[in-house]
Amino acid sequence: MPVTDQAFVTLATNDAYSQGALVIGKCLRRHGTSRQTVVMVTSHVSQGTRAALAEVFHQVKDVEVLDSSDWAHLNMMGRPELGITLTKLHCWALTEYIKCVFLDADMLVLCNVDELFDREELSAAPDPGWPDCFNSGMFIFRPSLQTHTRLLKWAREHGSFDGGDQGLLNSFFSGWSTEDISKHLPFIYNLSISTVYSYLPAFQQFGPKAKIIHFLGALKPWHCKYDHQKGEVYLGDGSLCHLHLGPFMKQWWVEYCRPAAPSFTQTDIWQDLE
Ligand code: UDP
Ligand code: MN
């Protein structure tokens, strides 16, 4: 049965990241999630893109960009990139849900990951660059207006040590690295594909068990070109996408081109009619 008080949540502040969000919505559906799906969008997302998102997600939720004109941003002048990632904090205001899983728009969900809802706030996987920090591309949280307000206050008073949401969330949930091992998710739930070359034997050993791929870093799948006939993905300069990244980039493009599967609710309606 569909679970109406739990949701997967992603964010897109422009049409480019919306392409990533679309793939997430499609993958979640295709893998038969029983949870709701929500994409938070800001005013820069075009009407056409919103319509495409609305076909895949249960809810397209408008949120404000937190930028330098926002009250929460006064201490952060001169760090424009922080404004956009702070927008992610609005997920705590989705209080129509009891528990949620946030996914960055630059992720590829490879199978059903509904078991993530068994975890508690704040659960996340380690960051490959500094494993005592969690990577904020995917995390389990409980929407709460009180937490939302406290996070914005924290942003105003302390800023973020890396200029993005990850630094802020790691200092706010500073107990993550030591307090409760059940909040440390396996790396296969947030596998940063651009960093696996630093430990290739581990990737060869555990990579086939990956559940969520993260295209962390500047190169996103929607920056690449996909040749349907050859089944190859090319970088902006025309060169082939290299060894480890290639197959996942291709899989992202296959999902992007695939028509959306019926949602759980729609399937359920058909079953009821039979
Ligand atoms: N994001 C967005 N618009 C932007 C930048 C970021 O909507 O211009 C959102 C999007 O959901 C994205 C997340 O913020 O996945 C974090 O940014 P990104 O994934 O680029 O950071 P990385 O994972 O590469 O550190
Ligand atoms: Mn990301």
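You'll find the structure just up there.
Residues numbered from 1 in each chain as written. Chains lettered and ligands numbered in written order. Predicted model: local features only at pLDDT ≥ 70, side-chain atom pairs only at ≥ 80, totals over all residues. Heavy atoms only, no water.

This brings us to the coordination of the manganese ion (ligand 2). Within the protein, Asp 104 (OD), Asp 106 (OD), Asp 106 (OD) and His 214 (NE2) serve as the donor atoms for the manganese ion (ligand 2), at 2.2 to 2.3 Å. Around the manganese ion (ligand 2), the 6 donor atoms sit at angles spanning 57 to 171°, and that spread fits a shape best called irregular. Donor residues binding the manganese ion (ligand 2) come from one chain and are separated in sequence as D-x1-D-x107-H. When sorted by exposure, Asp 104 lands in the same class as Asp 106, which is buried. (Donors = N, O, S within 2.8 Å, 3.2 Å for Na, K, Ca; no water. Tetrahedral: all angles 85-135°; square planar, octahedral: opposite > 155°, others 65-115°. Buried < 20%, exposed > 50% of the residue type's maximum accessible area, 1.4 Å probe, protein only.)

Looking now at the packing of helix α1 (residues 15-30) against helix α7 (residues 245-257). Two numbers describe how α1 lies on α7: the axes approach to 9 Å, and their chain directions differ by 80°. By the angle class used here, α1 and α7 are roughly perpendicular. Packed against α1, whose contacting residues are Gln 19, Gly 20, Val 23, Lys 26, Cys 27 and Arg 30, the element α7 presents Trp 252, Glu 255, Tyr 256 and Cys 257 at the interface. Residue classes in the contact of α1 with α7 are distributed as 5 nonpolar, 2 polar and 3 charged. (Axes fitted to C-alpha atoms, helices over the stretch in contact; angles between N-to-C directions. Helix = DSSP H or I, 4+ residues; strand = E, 2+ residues; numbered from the N terminus. Parallel < 35°, antiparallel > 145°, perpendicular 65-115°, else oblique. Contact = heavy atoms within 4.5 Å. Nonpolar A, V, L, I, M, F, W, Y, C, P; charged D, E, K, R; others polar.)

Time to look at the state of the cysteines. One way to say it: the disulfide is the covalent bond shared by the sulfur atoms of two cysteines. Taken as a whole and judged by the stated rule, the model has 0 disulfides. Counting only cysteine sulfurs, Cys 91 is the nearest neighbor of Cys 100, a cysteine outside any disulfide, at a range of 7.4 Å. When its relative accessible area of 0% is taken as the criterion, Cys 100 is described as buried. (Disulfide = S-S within 2.5 Å.)

For α7, with 13 residues, the first-to-last C-alpha span of 18 Å sits near the 18 Å given by 1.5 Å per residue. Within α7, burial applies to Leu 245, Gly 246, Phe 248, Met 249, Trp 252, Trp 253 and Glu 255. Structurally, α7 contributes buried residues whose contacts are with α1, β5 (107-109), α6 (200-206), β9 (212-214), β10 (225-227) and β11 (232-234). (Expected span 1.5 Å × (residues − 1).)

Under the criterion given, the structure shown has 15 aromatic pairs. On the numbers, 5.5 Å between centres and 55° between planes, the contact of Phe 139 with Phe 141 is tilted. The exposure classification of Phe 139 matches that of Phe 141, with both residues buried. On the basis of an interplanar angle of 10° and a centroid distance of 5.2 Å, the ring pair of Trp 252 and Tyr 256 is categorised as stacked. Here Trp 252 and its partner Tyr 256 are both found in helix α7, 4 residues apart, which amounts to about one turn of the helix. (Phe/Tyr/Trp six-rings, centres within 6.5 Å; stacked < 30°, edge-to-face > 60°.)

Here the focus is the site of ligand 1. In the neighbourhood of ligand 1, 13 residues make up the surrounding shell, with Leu 11, Thr 13, Tyr 17, Gly 217 and Lys 220 lying closest. A distance of 2.7 Å separates a nitrogen atom of ligand 1 from a polar side-chain atom of Thr 13. One of the side-chain nitrogen or oxygen atoms of Asp 104 is found 3.2 Å away from an oxygen atom of ligand 1. Burial of ligand 1 by the protein chains amounts to 79% of its free accessible area of 520 Å². Classifying every residue of the shell around ligand 1 gives 6 nonpolar, 4 polar and 3 charged. (Near = heavy atom within 4 Å. Polar contact = N/O pair within 3.5 Å; in protein donor to acceptor, adjacent residues only side chain to side chain. Areas by Shrake-Rupley, 256 points an atom, 1.4 Å probe, with all protein chains shown as cover.)

Let us look at the sheet that holds β5. If you walk across this open sheet you meet the 3 strands as β5-β9-β8, and the pairing is mixed. With one partner strand each, in any of the chains shown, β5 and β8 (191-192) form the two edges of the open sheet. Here 2 bridges tie β8 to β9, and the two strands are oriented parallel to one another. Bridge assignment links Leu 191 to a residue of β9, and that residue is Ile 213. Against the sheet, α7 engages β5 and β9, with an angle of about 75° to β5. (Pairing = 2+ DSSP bridges.)

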